[in-house]
Each structure stands twice: as structure tokens, then as C-alpha cells.
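What follows is each chain in one-letter form.
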Amino acid sequence: MIIAERKPINEIMEMVKDVKRVLVLGCKGCVTVCSAGGEREVEILASLIRLGANKQGRTVEVTDGALVRQCDKEYIDGLDNWKGKYDAIVSMACGVGVNFIANLRPETIVYPGVNTSFLGGSAEQGVWSEQCAGCGNCILHLTGGLCPVARCAKSLMNGPCGGSQGGRCEINPDVNCIWQSIHDRLERTGKKEDMLRVAPIRDWSTAGHGGPRKVVRDDLTV
Ligand code: SF4
Ligand code: SF4
């Protein structure tokens with residue numbers, strides 16, 4: 001899922017400093033699961049904006065709500081539920097949601113309420129870690145299911161750098177060297193010889209460095 005974190009309240013207050021009616025809009029997708037922008041977090045942010053405005057000696061009308069998803073055209077129409085009730089939206093969806101509202105509602109002012117962090121999962125209560133960088137050319141079948149693109153600090157494709165120490169990454173000793181983990185997993189699963197495979201020069205054209213990417217599924221388009 002997409003992992004996000006709420007922006008600092010001061011940053012959000014600066015965005016809405018001239019707004020009289022704010023809609024704080026959550027999303028019931030990934031940001032609900034990672035406790036960044038679901039209905040509970042929306043209520044909290046709405047209260048913080050009211051309190052912040054109060055402290056500044058002004059009154060802001062704050063409405064809160066949530067859409068099923070903000071990354072789907074059909075659900076953005078749900079904004080009509082609050083028609084005429086806001087001058088600007090603070091979206092607590094990931095950046096995709098903010099972009100979708102901006103794409104589909106050209107006249108609507110929309111601000112990001114969260115920082116979108118990465119594609120990851122919940123490792124333990126309250127802790128999320130990055131697992132995939134969305135490179136568009138998955139090689140997990142060669143690396144024991146562990147991703148060196150996202151989880152090696154140098155995105156190395158042919159085994160560890162020289163700095164791995166005791167199974168820890170030289171860039172950050174708090175994290176495992178993913179190449180050590182790949183090695184150990186391949187060994188455990190009887191595929192250690194895969195470590196000897198020399199990865200061909202990687203085609204990064206599917207990754208996110210050449211402008212916006214698109215997936216078109218002919219079987220689903222109408
Ligand atoms: S190889 Fe690419 S698609 Fe596969 S998990 Fe890593 S970043 Fe994601
Ligand atoms: S120590 Fe391991 S994870 Fe860290 S940069 Fe080197 S190969 Fe990558």
C-alpha cells in the first residue's frame with residue numbers, strides 16, 4: 001500500500017491561512033490502513049485547524065468527510081456531497097488523490113494534508129517500511145522475493161557492495177543489508193546459485209525518471 005504521514009500542522013495552517021471554509025477530506029484506501037488520512041485522522045485534523053484558527057483570532061468553518069478512494073474518477077464525484085460548503089480542500093489522501101482532484105475539478109483549490117512516503121507494508125504496530133519502488137520491471141523472481149531496487153540504499157543489482165557489515169547496511173546500520181538477506185533466503189530455498197547470475201544492464205525506462213508513466217489494459221478499456 002501507499003504509506004503517508006500527516007504534514008506538520010503549521011504547514012497546513014499556512015496553506016489555509018486565507019481560507020474561510022475548509023473541507024478536510026480523507027480517503028478510505030491506503031491512508032486509512034496506515035493511519036495517516038482515514039476518517040479518524042480527518043476528525044483530528046479538522047479539530048486542529050479549528051483550534052489553530054481560533055488561536056490566530058479568526059473563525060474557519062471546517063467540514064470533514066471521506067471518499068471511498070480519491071484515486072478513482074468515479075469516487076471524486078462524491079465531492080458533490082459537500083458542494084457549496086468549502087472554499088478549499090485539504091486532502092488527506094496520498095499525492096495521487098490530490099492530483100486527481102486537481103485534474104478533475106479545475107476550479108477547486110486543493111492542498112495536500114499528508115506527505116506521501118513510499119510503497120510499503122506494516123512491519124509491526126506503528127512501523128511501516130518500504131518494500132517496492134514501482135520500477136515497472138519486477139525482478140523479484142531472481143532475488144528471492146526481496147527487492148534490491150527499493151531496499152538496497154544503492155539499488156545494486158549484482159550482490160552487495162563492499163560495505164555490508166554483519167548483515168547490516170553500511171548506509172544505515174539500523175536496516176539489514178538486503179543483499180545479505182537475499183543471499184540467505186536463496187540459500188535457504190536451495191537457489192544459492194542464483195547469486196552467481198550476472199544481471200544484465202538494467203533497462204530503467206520503465207522506472208519513474210522519464211516523465212509520467214501509464215498502464216493501458218486493452219481488455220479493460222471501453
Ligand atoms: S523489482 Fe521493481 S517492481 Fe519489483 S518489487 Fe522491486 S521496485 Fe517493485
Ligand atoms: S550494505 Fe547492502 S543494502 Fe547497503 S548499500 Fe551495500 S549492498 Fe546495498
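Just so we're clear, the structure is a prediction, and the values are computed from it rather than from any experiment.

**Student:** Describe the overall build of the protein chain, and please don't skip the residues or the numbers.
**Tutor:** Along its length, the protein chain carries 7 helices and 7 strands. In the protein chain, the succession of helices and strands from N to C terminus is β-α-β-α-α-β-α-β-α-β-β-β-α-α. The C-alpha radius of gyration computed for the protein chain amounts to 22 Å, which surpasses the reference 17 Å derived for 222 residues by more than 25%, pointing to a less compact arrangement than a globule. Taking the principal axes of the C-alpha coordinates as reference, the protein chain spans close to 65 × 45 × 25 Å. Classification of the 222 residues of the protein chain by burial places 35% in the buried group. Across the protein chain, the fraction of contacts at a sequence separation of at least 24, relative to all contacts at a separation of at least 6, is 58%.

**Student:** Provide a residue-level description of the site of ligand 2, including the pertinent values.
**Tutor:** The local shell around ligand 2 consists of Cys152, Ala153, Lys154, Leu156, Pro160, Cys161, Ser164, Cys169, Glu170, Cys177 and Ile178. Counting atoms within 2 Å of the grid points, the majority share of ligand 2 lands in the largest cavity. Per-class residue counts for the shell around ligand 2 are 8 nonpolar, 1 polar and 2 charged.

**Student:** Quick one: what's the story with the environment of Met15, residue by residue and with numbers?
**Tutor:** Along the polypeptide, Met15 turns up in helix H1 (residues 9-15). Sequence-wise, Met15 and Cys161 are 146 residues apart; in three dimensions their C-alpha atoms are separated by 43 Å. Residues contacting Met15, with those up to four places away along its chain left out, are Lys7, Tyr111 and Pro112.

**Student:** Can you tell me about the nonpolar core, naming the residues and giving the values?
**Tutor:** Within the largest apolar cluster, 25 residues are counted, with the highest numbers of intra-cluster contacts made by Val16, Val22, Val24, Leu45 and Ile49. At the level of secondary structure, the elements contributing two or more residues to this core comprise strand E1 (2-6), H1, strand E2 (21-27), helix H3 (39-55) and strand E4 (88-91). If you tally residues by element for this core, the top one is H3, at 5 residues. The contact partners of Val22, leaving out residues within four places of it in the chain, are Val16, Ile49, Val60, Glu61, Val62, Thr63, Tyr86, Ala88 and Val90. Counting 11 residues, the second largest nonpolar core, distinct from the first, contains Leu25, Leu67, Val98 and Val110.

**Student:** Pulling in residues and values, what's your account of empty space enclosed by the protein?
**Tutor:** Enumeration over the complete set of coordinates arrives at 1 cavity of 30 Å³ or more. Put simply, the largest cavity is a space of about 100 Å³. For the lining of the largest cavity, the per-class residue count stands at 10 nonpolar, 2 polar and 3 charged.

Rules of the game
Residues numbered from 1 in each chain as written. Chains lettered and ligands numbered in written order. Predicted model: local features only at pLDDT ≥ 70, side-chain atom pairs only at ≥ 80, totals over all residues. Heavy atoms only, no water. Helix = DSSP H or I, 4+ residues; strand = E, 2+ residues; numbered from the N terminus. Rg over C-alpha atoms; globule rule 2.2 N^0.38 Å. Buried < 20%, exposed > 50% of the residue type's maximum accessible area, 1.4 Å probe, protein only. Contact = heavy atoms within 4.5 Å. Near = heavy atom within 4 Å. 1 Å grid on protein atoms, 1.4 Å probe; cavity = no way out; pocket = protein on both sides within 12 Å on 5 of 7 lines; lining within 4 Å. Sits in = over half its atoms within 2 Å of the grid points. Nonpolar A, V, L, I, M, F, W, Y, C, P; charged D, E, K, R; others polar. Core = buried A, V, L, I, M, F, W, Y, C linked by side-chain atoms within 4.5 Å. Points joined across faces, edges and corners; volume = space filled by probe spheres on them.

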